[in-house]
Amino acid sequence: MSSTEQTLSIIKPDAVERNLDREIKEIFNTNGFKIFKEKKIQITKAEAEQFYKVHETKPFYNDLCDYLSSGPIVVMILEKENAVLANRELMGATNPKDAKEGTIRKKFGISIDKNSVHGSDSVENAKIEINFFFKD
Ligand code: UDP
Ligand code: MG
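Quick caveat, the model's predicted, so the values are computed rather than measured.

Draft legend 1. Region of interest: the sheet that holds strand β3 (residues 73-81). Sheet architecture is open: 4 strands sit in the order β2-β3-β1-β4, paired in antiparallel fashion. Looking along the sheet, the strands with just one partner apiece sit at the ends: β2 (34-41) and β4 (117-119). Going from strand to strand, the sheet's axes swing by 20 degrees on average, the running direction of each strand aside. Direction of pairing for strand β1 (residues 4-11) relative to β3: antiparallel, over a ladder of 8 bridges. Bridging across to β3, Ser9 finds its partner in Met76. Running over the sheet, helix α5 (residues 83-91) touches β1, β3 and β4 and is turned about 35 degrees from β1.

Dropping the structure here:
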């Protein structure tokens, strides 16, 4: 039995700023993802700190939270079979330099911090992240 799974995707400020959101959404569609919900928002630094709390001890945490709250983002619930893993594969490695050909980060990522997209890393975290942005 296969079943549809949900994952949270974010088009980050560097990509929205370059007007890449339409093109990135098209890539999700072409790769069989359904965009179940989406909204364009700007979050506060405090919200970014909460979202990335898992990274609070990392040296890049403060810059990361400044960055994610620096401009508009597009948050989406993506649906597909094995959506969490499929989205991680389509995104590519965290550092665009290491990302494979054909991945979103390879195509659009600028640097390890400005890597254009976020994707949940497990089904459990996908639920938490979806609830964070779409609890209403
Ligand atoms: N990040 C960074 N410097 C690093 C590692 C990560 O700025 O050395 C940023 C980057 O934007 C990344 C985010 O922190 O997407 C979250 O890091 P994670 O290891 O969870 O990578 P991801 O799951 O996004 O691939
Ligand atoms: Mg992560």
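Let's pick the thread back up.
Draft legend 2. Region of the structure containing the nonpolar core. Judged by nonpolar contacts, the single largest core of 19 residues is most densely connected at Ile11, Ile24, Phe28, Phe33, Met76 and Ile104. Here this core gets 4 residues from one element, more than from any other, and that element is α5. If near-sequence neighbours (up to four positions away) are discounted, Met76 is found in contact with Thr7, Leu8, Ser9, Ile11, Lys25, Phe28, Ile35, Lys37, Glu38 and Phe134. Counting 17 residues, the second largest nonpolar core, distinct from the first, contains Ala48, Leu64, Ile73 and Val75.

Draft legend 3. Here's a closer look at the pattern of salt bridges. As enumerated under the stated definition, the model contains 7 salt bridges in all. Lys45 is paired through a salt bridge with Asp66; the nearest N and O atoms lie 3.1 Å apart. In this pair, Lys45 sits in helix α3 (residues 45-51) while Asp66 sits in helix α4 (residues 61-68), placing the two residues 21 residues apart along the sequence. Owing to a relative accessible area of 27%, Lys45 belongs among the partly exposed residues under this scheme. The class for Asp66 is partly exposed, based on a relative accessible area of 36%.

Draft legend 4. Representation of the site of ligand 1 within the structure. Lys12, Tyr52, His55, Phe60, Leu64, Arg88, Thr94, Arg105, Ile112, Asp113 and Asn115 make up every residue found near ligand 1. Here an oxygen atom of ligand 1 and a side-chain polar atom of His55 are 2.9 Å apart. Alone, ligand 1 offers 500 Å² of accessible surface; in the complex the protein occludes 79% of this. Placement of ligand 1 is best described as lying within the largest pocket. For the shell around ligand 1, the per-class residue count stands at 4 nonpolar, 3 polar and 4 charged.

Draft legend 5. Focus on α5. If you check which residues of α5 are buried, you get Ala83, Val84, Ala86, Asn87, Leu90 and Met91. Axial view of α5: buried residues confined to an arc of 170 degrees, hence all on one face. Turned more than 90 degrees from where α5 packs its buried face, Leu85 and Glu89 sit exposed. On its buried face, α5 sits against β1, α2 (21-30), β3, α6 (104-108), β4 and α7 (123-133). Within two residues after α5, Gly92 carries a phi angle of roughly 90 degrees, on the positive side.

Calculation rules
- Residues numbered from 1 in each chain as written.
- Chains lettered and ligands numbered in written order.
- Predicted model: local features only at pLDDT ≥ 70, side-chain atom pairs only at ≥ 80, totals over all residues.
- Heavy atoms only, no water.
- Pairing = 2+ DSSP bridges.
- Helix = DSSP H or I, 4+ residues; strand = E, 2+ residues; numbered from the N terminus.
- Axes fitted to C-alpha atoms, helices over the stretch in contact; angles between N-to-C directions.
- Contact = heavy atoms within 4.5 Å.
- Core = buried A, V, L, I, M, F, W, Y, C linked by side-chain atoms within 4.5 Å.
- Buried < 20%, exposed > 50% of the residue type's maximum accessible area, 1.4 Å probe, protein only.
- Salt bridge = Lys/Arg side-chain N within 4 Å of Asp/Glu carboxyl O.
- Near = heavy atom within 4 Å.
- Polar contact = N/O pair within 3.5 Å; in protein donor to acceptor, adjacent residues only side chain to side chain.
- Areas by Shrake-Rupley, 256 points an atom, 1.4 Å probe, with all protein chains shown as cover.
- 1 Å grid on protein atoms, 1.4 Å probe; cavity = no way out; pocket = protein on both sides within 12 Å on 5 of 7 lines; lining within 4 Å.
- Sits in = over half its atoms within 2 Å of the grid points.
- Nonpolar A, V, L, I, M, F, W, Y, C, P; charged D, E, K, R; others polar.
- Arc of directions from axis to C-beta.

Everything listed is a geometric property; what it means functionally is a separate question.
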